[in-house]
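# Structural overview
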Amino acid sequence: MSTVWLFTGDSVTHGALHTFGWRDYTQLFAERVRFELNRPADAVINTGVSGQQVSELDLEGAVLRHRPDVVALMFGLNDCAAGPAGLPAFVRDYAAVISRVRGTGAKVVLQTPNRAPESGWADLPAYAEAVRSLDADVLVDHHATWDGGEHWMGAGCHPNEYGHRALARNLLRALDLWEPVGVSGSLFIP
């Protein structure tokens with residue numbers, strides 16, 4: 001039995017530019033599941049879009065048309081620019097996405113955004129808390145476990161290769177798929 005894993009979100013999920021050619025967390029996840037766990041029939045799809053907010057997600061085109069079994073969502077970094085006034089709409093829009101995904105029978109994995117510098121992202125902790133309050137089959141709390149400081153960051157709010165390794169490790173642990181001895185599990189994270 002194969003599984004279709006779908007990841008969507010903003011630039012962190014998109015994994016472009018700030019990884020400078022290194023694998024992003026979704027690619028590390030695919031390496032672990034499809035190769036290390038010998039599940040080559042599984043599919044790992046990434047439809048993240050740089051700059052995207054949850055209200056901008058084309059749910060049909062980016063998610064549902066792929067008929068995923070598991071949908072991993074990570075929003076909040078761009079959404080938090082709306083400040084405290086934007087929180088109710090963020091929660092409403094995110095809950096609607098979750099409801100539609102669940103309506104297909106897919107499992108929902110919610111990921112809080114990673115931490116970012118205070119400058120420009122002062123409201124991010126409140127948005128991470130809002131994600132924690134939503135109904136998920138699995139919650140991956142990157143925001144709470146993010147402790148790599150500048151060593152995990154590329155530019156602004158974007159993780160570098162080490163940050164993506166940390167995101168992948170958190171995700172794999174939450175899904176009980178992580179193994180420290182495997183290639184993906186033993187990658188260096190400062």
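The present account deals with the structure reproduced in this document. Note that the coordinates shown come from a computational prediction; the quantities given were computed from them, not determined experimentally. (Residues numbered from 1 in each chain as written. Predicted model: local features only at pLDDT ≥ 70, side-chain atom pairs only at ≥ 80, totals over all residues. Heavy atoms only, no water.)

For Asn38, which is not glycine, the phi dihedral falls at a positive 55°. Summarising the element assignment, Asn38 is placed in the loop between α2 (25-36) and β2 (43-46). Positive phi outside glycine occurs at Arg67, with the angle close to 50°. Here Arg67 is to be found in the loop between α3 (59-63) and β3 (70-74). Of the residues examined, Arg67 reaches a relative accessible area of 71% and is grouped as exposed. (Helix = DSSP H or I, 4+ residues; strand = E, 2+ residues; numbered from the N terminus. Buried < 20%, exposed > 50% of the residue type's maximum accessible area, 1.4 Å probe, protein only.)

Along β3, five of the five residues are buried, which leaves the element largely enclosed by surrounding structure. Pairing of strand β1 (residues 4-9) with β3 involves five bridges; the strand directions are parallel. Bridge pairing in β3 links Phe7 to Ala72. By the bridge criterion, four bridges tie β3 to strand β4 (residues 107-111) in an arrangement that is parallel. (Pairing = 2+ DSSP bridges.)

Taken N-terminus to C-terminus, the directions of α2 and helix α7 (residues 161-174) make an angle of 50°; their axes are 8 Å apart at the nearest point. The orientation of α2 relative to α7 falls into the category oblique. Here the hand of the crossing between α2 and α7 comes out right-handed. Contact residues: Tyr25, Leu28, Phe29 and Arg32 in α2; His164, Arg165, Leu167, Ala168, Leu171 and Leu172 in α7. Classifying every residue of the contact of α2 with α7 gives seven nonpolar, one polar and two charged. (Axes fitted to C-alpha atoms, helices over the stretch in contact; angles between N-to-C directions. Parallel < 35°, antiparallel > 145°, perpendicular 65-115°, else oblique. Left-handed = near helix turned anticlockwise from the far one by under 90°. Contact = heavy atoms within 4.5 Å. Nonpolar A, V, L, I, M, F, W, Y, C, P; charged D, E, K, R; others polar.)

Looking now at the packing of aromatic side chains. Throughout the structure, instances matching the rule amount to eight aromatic pairs. Geometrically, the ring pair formed by Phe75 and Tyr94 is edge-to-face, given 5.7 Å between the ring centres and 85° between the ring planes. Of this pair, Phe75 sits in the loop between β3 and α4 (87-103) while Tyr94 is found in helix α4, placing the two residues 19 residues apart along the sequence. Taken individually, Phe75 and Tyr94 each receive the classification buried, so the pair is uniform in this respect. On the numbers, 5.3 Å between centres and 75° between planes, the contact of Phe90 with Tyr94 is edge-to-face. Placement of both Phe90 and Tyr94 in helix α4 is noted, with a separation of four residues, approximately one turn of the helix. With respect to burial, Phe90 and Tyr94 carry one shared label: buried. An aromatic cluster is present here, built from Trp5, Phe7, Tyr25 and Phe29 joined pairwise through their rings. A cation over an aromatic ring shows up here: Arg173 above the ring of Trp178, its NZ or CZ 4.0 Å from the ring centre. (Phe/Tyr/Trp six-rings, centres within 6.5 Å; stacked < 30°, edge-to-face > 60°. Lys NZ or Arg CZ within 6 Å of the ring centre and 35° of its normal.)

Here we take up the pattern of salt bridges. Where side chains of opposite charge bring their charged atoms close, a pairing between them can arise. For the structure shown, the criterion picks out nine salt bridges. Between Arg102 and Asp135 there is a salt bridge, and its shortest N-O distance comes to 3.0 Å. One end of the pair, Arg102, is in helix α4; the other, Asp135, is in the loop between α5 (124-133) and β5 (138-140), and 33 residues separate them in sequence. Relative accessible area serves as the criterion here: at 51%, Asp135 is assigned to the exposed category. With a closest N to O distance of 3.4 Å, Asp137 and Arg102 form a salt bridge. Of the two residues, Asp137 sits in the loop between α5 and β5 while Arg102 sits in helix α4, which places them 35 residues apart along the sequence. (Salt bridge = Lys/Arg side-chain N within 4 Å of Asp/Glu carboxyl O.)

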